[in-house]
Amino acid sequence: MFSKILIANRGEIAVRIIKTCRRLGIKTVVVYSEADADSMAVEMADEAVFIGGAPAAESYLVADKIVDAVRQTGAEAVHPGFGFLSENAGFARRLAKEGIVFIGPNPKAIEAMGDKIESKKFAAKAGVSTVPGHVGEIDDTDHAIKIAEEIGYPVMIKASAGGGGKGIRVAWNRKDVEEGFPAVRAEAKASFGDDRIFIEKFIESPRHVEIQVLGDKHGNVVHLFERECSIQRRNQKVIEEAPSPLLDEKTRRAMGEQAVALSKAVGYDSAGTVEFVAGQDRSFFFLEMNTRLQVEHPVTEMITGVDLVEQMIRSAAGEKLPFAQKDLKINGWAMESRIYAEDPYRGFLPSIGRLVRYSPPQEGETPYGFVRNDAGVREGDEISMFYDPMISKLSTWGKTREAAIDVMGRALEDFHIEGLGQNIPFLAGVMDQARFRSGKLSTNYIKDEFPDGFHGLPPTDAQRDLMSAVAVAMHRRLQARAAPGSVRDEWIVVAGPKKMSVLARAVDGGLTLEADGRKLRLEDIAWRPGEPLFRGNLDGRDFTVSVKPAAEGFVIRHRATTLHVLVLTPRSAELHDKLPPKKAADTSKMVLSPMPGLVVSIDVAAGQEVKTGEVVAVLEAMKMQNILRAERDGTIKAVNVKGGDSVAADEVLVEFA
């Protein structure tokens, strides 16, 4: 076993690896960039080595700097985590040449599976079910059209060296191929330096199901069952679970056996994932193999009890797998939600900045179930524009799928973040949807369920009751503090379009509320003025809501639903009805920044005439560029920023005359 391991990564995966190494008594070294100098991983590791500027191309992607750090610290092995150099066969070979152990598969396996065209040929030879398609070289657009028509529409045009959702187009007809093939080839060349393309049948309403495999250097390979990763946006996974609600035992066994057969065919000797696209009829076809640890590995660990990071380390050290296939069993159900720094109410645009408040739910056994949170941040840390926008991965476990979903919903209620946009309300909304709870998933789920984007969910009757009760309780507490002798019991509560008279009385440390001929009992209240979360129990059900003061009441969010709840005296309510509606500010002559980020370019100047659709500016954040276009014809009155400036969300970039 190794005595010291260097982690060639950052963020939550670096922290995750450190935790396993600590348990095994292995010392750790992390490398870090300028942006990560004060990171949680640097604080936790036994040693840390600075390797360069914030852009990954100046630090985490520079093999020479990683090797130098190994030499400086005397580490015996390198764990690459995921992303960066984790699937770089050249890096693995370089380490071997230097006498440093790579904690991952051998270079030949990485190479064989890293090329999507070659991996499909390997899969076919190993007897793995593959999508009908063309995996050879494609000469030009005419050749691509011929292939597409032989396969039958719709088809997927995909870059061989692609990843991260780039270099992919779906073609539904000949015109789509004419436009899509050259576009994908150009994108592949620009993003990956490799313009080879393949075309395969596109499975409609597909599901993404993957098999976790684990091998050692003695020829042993097992699978640890499947994960369903169908809830995706822009080909990026958002919610994962294990096992899959789609599979039966027969399909699970067939997929597992094929994944193991492919792994053995390439001599696989670490943790890896064989990904399949599955039809709703349980047909399945090989997609690709990821020759590294997956982001979503916690859900597999939670249903099998196997620490995948530990097994990767042991395999790299030459140890045999400690179990055979017959020893592995599925226990319960696990769910994972990726907490991203993005604003779901603004089309999920990246939202960078400081975690002014970061309060995750309690981990381990909680009153509502088992919770795990994999994070690499603390309150006060900054989410940088240079890296992936993930804040943490929240995972829950239950005996059944429904139980795991219920635990996730409650854990998301208890997760509080301030300082930047985050997708917790969206994730909570999915957990509450009947379709998601039924298990009828597909990779089109988000597009199908939120075709016009996410704007929150309307309140249920139960949520309206809950928010009204919370608002009255907070208002009474504030009133008792300000004027103890004048606390009243009768209120008019306005929750959205609904207005009701509420009689609230303090009884046995809680509140009894009467409204519309019904009685509600609010107890176990945990809130003090100024706190952003209100916890309590309404009619026997525990809950947590986010709260903040607003004019004449409070803005309250429960899961995916937000309401401005007013608590008024009868006279105030009467006067309130006479107030004219507030007009929204006129921003029609302004181009606003939709997100915090870096100005890549300003493409207009004062006095210039522009037409609708012309590019005005380009912003960048989280490795993603956003092109801002003119929404009207007009003349530019003022340009308030320049290329290289950092801007906040809603900052005025350009003004029209």
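Residues numbered from 1 in each chain as written. Predicted model: local features only at pLDDT ≥ 70, side-chain atom pairs only at ≥ 80, totals over all residues. Heavy atoms only, no water.

Asker: Explain the packing of aromatic side chains to me, please; I cannot follow it from the model alone.
Answerer: We describe a pair of aromatic rings using the distance from one ring centre to the other and the angle between the two ring planes. In the structure shown here, the tally under the stated rule is 16 aromatic pairs. Between phenylalanine 436 and tyrosine 445, the ring centres sit 6.4 Å apart and the planes meet at 80 degrees, which makes this aromatic pair edge-to-face. Here phenylalanine 436 matches tyrosine 445 in class, with each residue buried. In this structure an aromatic cluster arises from ring pairing among Tyr345, Phe348, Phe426, Phe450 and Phe454. Geometry around phenylalanine 436 places arginine 401 over its ring, the cationic atom sitting 4.9 Å from the centre. (Phe/Tyr/Trp six-rings, centres within 6.5 Å; stacked < 30°, edge-to-face > 60°. Buried < 20%, exposed > 50% of the residue type's maximum accessible area, 1.4 Å probe, protein only. Lys NZ or Arg CZ within 6 Å of the ring centre and 35° of its normal.)

Asker: I would appreciate a short explanation of the pattern of salt bridges in the present structure.
Answerer: Should their charged atoms come close, side chains of opposite charge can pair. Scanning the model with the defined rule gives 59 salt bridges in all. Among the salt bridges present, the one from arginine 559 reaches glutamate 413, with a minimum N-O distance of 2.8 Å. Residue arginine 559 is found in the loop between strand 31 (553-558) and strand 32 (561-568), and its partner glutamate 413 is found in helix 12 (residues 401-413); the two are separated by 146 residues along the sequence. Its relative accessible area of 5% is what places glutamate 413 among the buried residues. Here lysine 642 ties to aspartate 645 by a salt bridge, and the two come within 3.2 Å at their closest N and O atoms. Relative accessible area serves as the criterion here: at 53%, lysine 642 is assigned to the exposed category. It is possible to trace a salt-bridge network through shared partners that takes in Arg16, Arg23, Glu301, Asp307, Glu310, Arg314, Glu319, Arg372 and Asp374. (Salt bridge = Lys/Arg side-chain N within 4 Å of Asp/Glu carboxyl O. Helix = DSSP H or I, 4+ residues; strand = E, 2+ residues; numbered from the N terminus.)

Asker: Help me out: how do you make sense of the sheet that holds strand 14 (residues 284-290) in this one?
Answerer: The strands making up a sheet associate through hydrogen bonds between their backbones, and the pairing can be parallel or antiparallel. Read across the open sheet, the 9 strands follow the order 14-13-10-11-12-15-23-21-20; overall the sheet is antiparallel. A strand with exactly one partner marks an edge of an open sheet, and here the two such strands are strand 14 and strand 20 (364-366). In this sheet, adjacent strand axes meet at a mean angle of 30 degrees when their direction is disregarded. (Pairing = 2+ DSSP bridges. Axes fitted to C-alpha atoms, helices over the stretch in contact; angles between N-to-C directions.)

Asker: Explain the pairing of strand 1 (residues 4-7) here, please?
Answerer: If a strand is regular, its side chains alternate between the two faces of the sheet. By the alternation rule, side chains of strand 1 split into Lys4 and Leu6 and Ile5 and Ile7, which are all buried. Where strand 1 lies against strand 2 (residues 27-33), 4 bridges are found, and the strand directions are parallel. Its bridge partner lying in strand 2, isoleucine 5 is registered against threonine 28. A crossover links strand 1 with its parallel partner strand 2, the connecting element being helix 1 (residues 11-24), and its sense is right-handed. As paired elements, strand 1 and strand 4 (residues 77-79) share 3 bridges and run parallel to each other. Each bridged residue has a counterpart across the sheet, and for leucine 6 the counterpart in strand 4 is valine 78. (Right-handed = clockwise from strand over helix to strand, strands pointing away.)

Asker: Honestly, the environment of valine 599 in this entry has me stumped. Any pointers?
Answerer: Considering the arrangement of structural elements, one finds valine 599 in strand 34 (residues 597-602). In this structure valine 599 comes out as buried when scored by relative accessible area, which is 2%. Residues valine 599 and leucine 653, spaced 54 residues apart in sequence, show a C-alpha to C-alpha distance of 9.5 Å. Residues in contact with valine 599, not counting those within four places in the same chain, are Val618, Leu619, Val641, Lys642, Gly643, Gly644, Asp645 and Val647. (Contact = heavy atoms within 4.5 Å.)

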